[in-house]
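# Structure at a glance
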Amino acid sequence: MNPTRSAPAPPTPADTSTVEDRARALQAAGVEATAGGRPDVGARTLRSGLRLLGWSAAGSGDVHPPTHLDGDPHHRGDPHRDGELSGHRRERDALAARLLISLAHAEAEQGHGPLGFGLLDLAATVVAHAEEGILLQQRGLLLLRAGHLEEALTFLNRAEPSLSAHGQHVVLARTLLNRAALHLYTGRIRASRQDSAACAELAASLDLPLLAGKAIHNAGYCDLLTGDIPTALAAFNTAERRYAQHGPGFLPVVVAAKARTLLAAGLATEAGRMLETAIADFARQHLTRDVAEAELWRAQAALEAGDLAAARRWALTAERHFRRRGDQAFTARAVLMRLRAEFPTTRSSARFVTRAQRAGDQLRQAGLARDAEMADLLGIRALVAAGHLEDAGARMARQRRPRAPLDAILMRRLARSELALRGGHRATAYTELRAGLAALHLHRSTLGSPDLQAGAAALGSELAAAGLGMAIQDGSPRLVFAWSERARAQAFRIPPVRPPQDPELSETLAELRQVRHLMRTAELEGRKEPGLSARSGELERVLREAHWRLRGPGASKPVVGIRDVLSELSNTGAHRVMVCFVSRQGRLYGVVVGPGGVRLCPLGDRAAAEEATHRLLADLDALAGRMLPARLEEVIRGSLDRQLDVLTDHLLTGLRGELGDADVVIVPTRALSSLPWGMLADLRGRAVTVAASASVWHTATTAARTPDPSPTRPPLLVAGPDVPNAAAEVAEIATVHPRSARLTGDAATVAATLAAIDGAPTAHLAAHGHHEPESALFSRLELVDGPLMAYDIHGLRRPPRHVTLSACDVGRTTVSTGDEILGFTAALLYGGTSSVVASVARVAHDAAVEVMCGYHRAVAAGVSPARALATAATAAPLAPFVCFGAG
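All values reported here derive from a predicted model rather than from experimental measurement.

### Here we look at the overall build of the chain
- Looking only at helices and strands, one finds 37 helices and 16 strands in the chain.
- The C-alpha radius of gyration computed for the chain amounts to 32 Å, which stays within 12% of the reference 29 Å derived for 887 residues, consistent with globular compactness.
- In terms of principal-axis extent, the alpha carbons of the chain reach across some 105 × 70 × 55 Å.
- Per-residue burial over the chain gives 58% buried out of 887 residues.
- The contacts in the chain between residues at least 6 apart in sequence include a share of 71% that link residues at least 24 apart.
- Entry remark: accessible area of the chain is about 34700 Å², with carbon and sulfur atoms responsible for 52%.
- Counting 101 positive and 93 negative side-chain charges, the chain places the centres of these two groups 4 Å from one another.

Written as structure tokens, this is what we have:
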């Protein structure tokens, strides 16, 4: 966490007139190298300086003073002896002390802690009185990096007045920076902010831009630990620019910082990838302490991603590295991380409680109260699991930190819920879980990026699963519905945030569009362009991080209740029911809401249904628009029919008595979000609407009935390049919408489309498209000058109310924990589009034209979107279009 390095390899000092001048130049170069993330280079440089002064300083072993000091190692401890030495001798001794002090840090950074402290002891024998503050701060830094936090604080505090009194302002700024990092470790955020601000101010006055960047970096960590993720990311971005200009060797530290921020936002997989990059970079720079800390956070990323085995491996590796360095505080933190990874599968609760208590005691002794609380809560949960409720209750009563960070708040609520449940107090257990999820949602509402809003669901996954599991055990359909709504698609409750205009980001976006266009051209020509792919990834990273820095509104819409859903289902007079699919321990259940009330229906196996969904989509992709050998086509069609049968068995057989002949609103879960529901035999020909949650559907249907505030804008029809029949499709649909604005051929540019689509009542886009599972923000439609991306949709002031996408698979979504969805279609729905009709798999061009033209004719005649699609789809049974949103 402590940003104290940043620079390339040191410059070779120029020849100077004296040995002292040359040694002084080597000392400055060695400090620069160590601060720049190259302690190995720094150590070699500093040893060269010592050898110039007559010290024995070969290799990486001990350093010995010149013979004139042998036998009198403590002579500098007697101030009266100073006057007996020549000025030349005093100058050399003071310079040697500075070299030794700097060398101590360089060696400690490479994992040679005992050697570093020994060098400081040796420096104490020759240090000048005016530079004793430098020695004190360096000892404090080494103690900090070794995990001796309270002892480190003592030395840093002692150093401050000495440095100030003797005008050592540069070292004073570094001392403030290091003390700010120490306060971060121990949870003293206000003190850390004060020291970071003082360091930044002093660094600015001394014209030290790199040090000022490090202070900004530490301030970002303060924001992170108080839960302000957008501000933290903005600080890290500013620090990154400083590092790139003044100290590129420090860039891996900001990568690790951003990864930690993503962890706090629930994006564990992405954080894990970033941390592995940082670990490799730290290892190349011989920064063993930073390697170990990044390994510790990599363990948490694995834990949050559900990979318990990997979490244990990373935690154990970090623990060994910290133990080897003698870092007691971070060894205890690594032990805690290993315990967290072991807890879900532990068999010996009594032994686990003992280990958790020991870890908590060690963390408290090290001054890490926040981590100690997590260890205590793990122990309490283990006691509850073992049935030792009295002991667990007594320990819980001692937990008195109301202003704990979010992860501790959520863990505490979960532990209290488990304790209440085992004690027979189910209502209290529900209350604790609801309070935890409410705290999480308040945190989510401060985030402006749908990426981060969706990722936040992972932080409360245990709370949500516990509440839903209890509701299913209770067998109350209304309770299951309520927990289903509380636990899924919560990002849709937050009003969308439109990114501000930023010329620099506009240029980045324009370059990305051009690069993507060149990549597609190369793909069509059968060429590979790895350089373009790498540049595209870098540009996407810049844009995603800019999106992450958006601040949320801090407000949200309420979760809808059963009464409102029942009222809306009967609003049009049509016979409609809603089915909310939920899963628990691998089994699927359907909560059916309709005129007959609310019922809970046990269904089939979730894994089997998800596997059949993946196979079905693959079969549809294989069949779409291709001339296949007859035998191969027969095999694929046979597989497709089998997958539809499997899906019917696991999803609909148990619902037949509830559905009757009603139209259906489906709230899917997990991979079922990309299922072409209208292809299932039981639903074929029905009006089927798919929504991320009942609340999302209710909001969309309400918005669809609200009068359009600007009905004068025309519908938009767009035909993208290289799509057979796209122009004919647009021309046919234009007969239904005679006042429409049409963009075809060279006119179908991204800029023209975005200008025309913003505020249009209806938009139809016939273009090649693709869903990006790993980077849903860049799912896209291909236009004549490049891709129109989901990223662009988030910038619309008022997306169309009704959108049809005659493109391949842009109806697919990336589904994360809590059934949060991301993708092109999701971006439209987030922005306020009421209904989106899109394909979840590849679709043949002629089939798309037939379905889309029939669909628009029906909608123009007053038919609802879901009913219009059901009717139009009968002409092309293998066209996997789905009606999302209001229906």
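Having seen the model, we can carry on.
### Re the environment of S164
- For S164, the location among the structural elements is in helix α7 (residues 149-165).
- In this structure S164 comes out as partly exposed when scored by relative accessible area, which is 42%.
- As a C-alpha pair, S164 and Q490 span 326 residues in sequence and 52 Å in three-dimensional space.
- Those residues in contact with S164 that lie beyond four places of it in its chain are H169 and L172.

### Let's talk about unusual backbone geometry
- For A489, which is not glycine, the phi dihedral falls at a positive 50°.
- With respect to the secondary-structure elements, A489 resides in the loop between α24 (477-487) and α25 (503-524).
- On the basis of relative accessible area, A489 is assigned to the buried category, the value being 2%.
- Of note in this structure, R670 is not a glycine but carries a positive phi near 55°.
- Among the secondary structure elements, R670 is positioned in the loop between β4 (663-667) and β5 (688-690).
- The partly exposed category is assigned to R670, whose relative accessible area is 38%.

### Some words on helix α1 (residues 19-35)
- Here α1 spans 24 Å end to end across 17 residues, near enough to the 24 Å set by a 1.5 Å rise per residue.
- Taken residue by residue, α1 has E20, A23, L26, Q27, A29, G30, A33, T34 and A35 as its buried positions.
- Taken from the residues just after α1, G37 is the one with a positive phi, measuring 90°.

### Quick look at the sheet that holds strand β2 (residues 587-594)
- The mixed open sheet is built from 11 strands, whose spatial order is β3-β2-β1-β4-β5-β16-β15-β12-β8-β6-β7. Unpaired on one side and paired on the other, β3 (597-605) and β7 (741-743) mark the two borders of the sheet. The average angle at which neighbouring strand axes cross in this sheet is 20°, direction not considered.
- In the packing of helix α33 (residues 750-757) onto the sheet, the strands contacted are β6 (716-719), β7 and β8 (762-766), and the crossing angle to β6 comes to about 160°.

### Concerning the packing of helix α12 (residues 251-264) against helix α13 (residues 268-284)
- Running from amino to carboxyl end, α12 crosses α13 at an angle of 160°, the nearest separation of the two axes being 8 Å. What the angle tells us is that α12 and α13 run roughly antiparallel. Crossing of α12 against α13: the hand is left-handed. On α13, the residues that touch P252, V253, V255, A256, K258, A259, L262 and L263 of α12 are A268, E270, A271, M274, L275, A278, D281 and F282.

### So, the pairing of β6
- On β6, burial covers both faces: L716 and V718 on one face and L717 and A719 on the other are all buried.
- The sheet contact formed by β6 and β7 spans 3 bridges and is parallel. Across the sheet, L717 pairs through a bridge with R742, a residue of β7.
- Here β6 pairs with β8 via 4 bridges, running parallel. If you follow A719 over to β8, its bridge partner there is A766.

### Examining the sheet that holds strand β11 (residues 786-789)
- Within the open sheet, the 3 strands sit side by side as β9-β10-β11. Their pairing is antiparallel. Looking at strand neighbours, the two that pair on one side only are β9 (769-770) and β11, the edges of this open sheet.
- Sheet topology note: the strand β10 (residues 780-783)/β11 ladder contains 4 bridges and is antiparallel. Across the sheet, residue R780 finds its bridge partner in β11, namely M789.
- Seen against the sheet, α25 touches β10 and β11 and runs at an angle of roughly 125° to β11.
- Lying on the sheet, α33 is in contact with β10 and β11; it crosses β11 at an angle near 25°.

### What to know about the pattern of salt bridges
- In the structure shown here, the tally under the stated rule is 60 salt bridges.
- The salt bridge involving D21 is made with R24; its shortest N-O contact spans 2.9 Å. Of this pair, D21 and R24 both sit in helix α1, 3 residues apart, which is roughly one turn of that helix.
- Put simply, E525 and R527 hold a salt bridge, and the shortest N to O gap is 2.9 Å.

### Brief notes about the side chain of R355
- Assignment of secondary structure puts R355 in helix α17 (residues 349-365).
- Not counting residues up to four positions away in its chain, the partners in contact with R355 are R338, L339 and E342.

### Some remarks on the environment of G654
- Position of G654 relative to the elements: it lies in the loop between α29 (630-652) and α30 (656-659).
- Classification of G654 as partly exposed rests on a relative accessible area of 40%.
- The spatial distance from the C-alpha of G654 to the C-alpha of L603 is 5.6 Å, given a sequence separation of 51 residues.
- Once residues lying within four places of it in the same chain are set aside, the contact partners of G654 are C601 and L603.

### Focus: the packing of aromatic side chains
- Throughout the structure, instances matching the rule amount to 9 aromatic pairs.
- The interplanar angle of 65° and the centroid separation of 5.3 Å between the aromatic rings of Y221 and F236 together place this pair among those described as edge-to-face. One end of the pair, Y221, is in helix α10 (residues 209-225); the other, F236, is in helix α11 (residues 229-246), with 15 residues separating them in the sequence.
- A relative accessible area of 3% means that Y221 is categorised as buried.
- Given the relative accessible area of 0%, F236 is considered buried.
- Relative to F352, the ring of F343 lies with its centre 5.5 Å away and its plane at 50°, an arrangement referred to as tilted.
- Assessed through its relative accessible area of 1%, F352 is described here as buried.
- Put simply, the rings of Y185, F322 and F330 touch in pairs and so form one group of aromatic residues.
- Taking NZ or CZ as reference, K214 lies 5.5 Å from the ring centre of F250, over its face.
- The ring of F330 carries R289 above its face, with NZ or CZ at 4.3 Å from the centroid.

### Considerations on α29
- Between its terminal C-alpha atoms α29 stretches 32 Å, which fits the 33 Å expected from 23 residues at 1.5 Å a residue.
- Listed as buried for α29 are I636, S639, L640, Q643, L644, L647, T648, L651 and L652.
- Looking at the buried positions of α29, the neighbouring elements they touch are β1 (576-584), β2, β3, α28 (606-623) and α30.

Each value, and the rule that gives it
Residues numbered from 1 in each chain as written. Predicted model: local features only at pLDDT ≥ 70, side-chain atom pairs only at ≥ 80, totals over all residues. Heavy atoms only, no water. Helix = DSSP H or I, 4+ residues; strand = E, 2+ residues; numbered from the N terminus. Rg over C-alpha atoms; globule rule 2.2 N^0.38 Å. Buried < 20%, exposed > 50% of the residue type's maximum accessible area, 1.4 Å probe, protein only. Contact = heavy atoms within 4.5 Å. Areas by Shrake-Rupley, 256 points an atom, 1.4 Å probe, with all protein chains shown as cover. Lys, Arg positive; Asp, Glu negative; His and termini not counted. Charge placed at Lys NZ, Arg CZ, Asp CG, Glu CD. Expected span 1.5 Å × (residues − 1). Pairing = 2+ DSSP bridges. Axes fitted to C-alpha atoms, helices over the stretch in contact; angles between N-to-C directions. Parallel < 35°, antiparallel > 145°, perpendicular 65-115°, else oblique. Left-handed = near helix turned anticlockwise from the far one by under 90°. Salt bridge = Lys/Arg side-chain N within 4 Å of Asp/Glu carboxyl O. Phe/Tyr/Trp six-rings, centres within 6.5 Å; stacked < 30°, edge-to-face > 60°. Lys NZ or Arg CZ within 6 Å of the ring centre and 35° of its normal.

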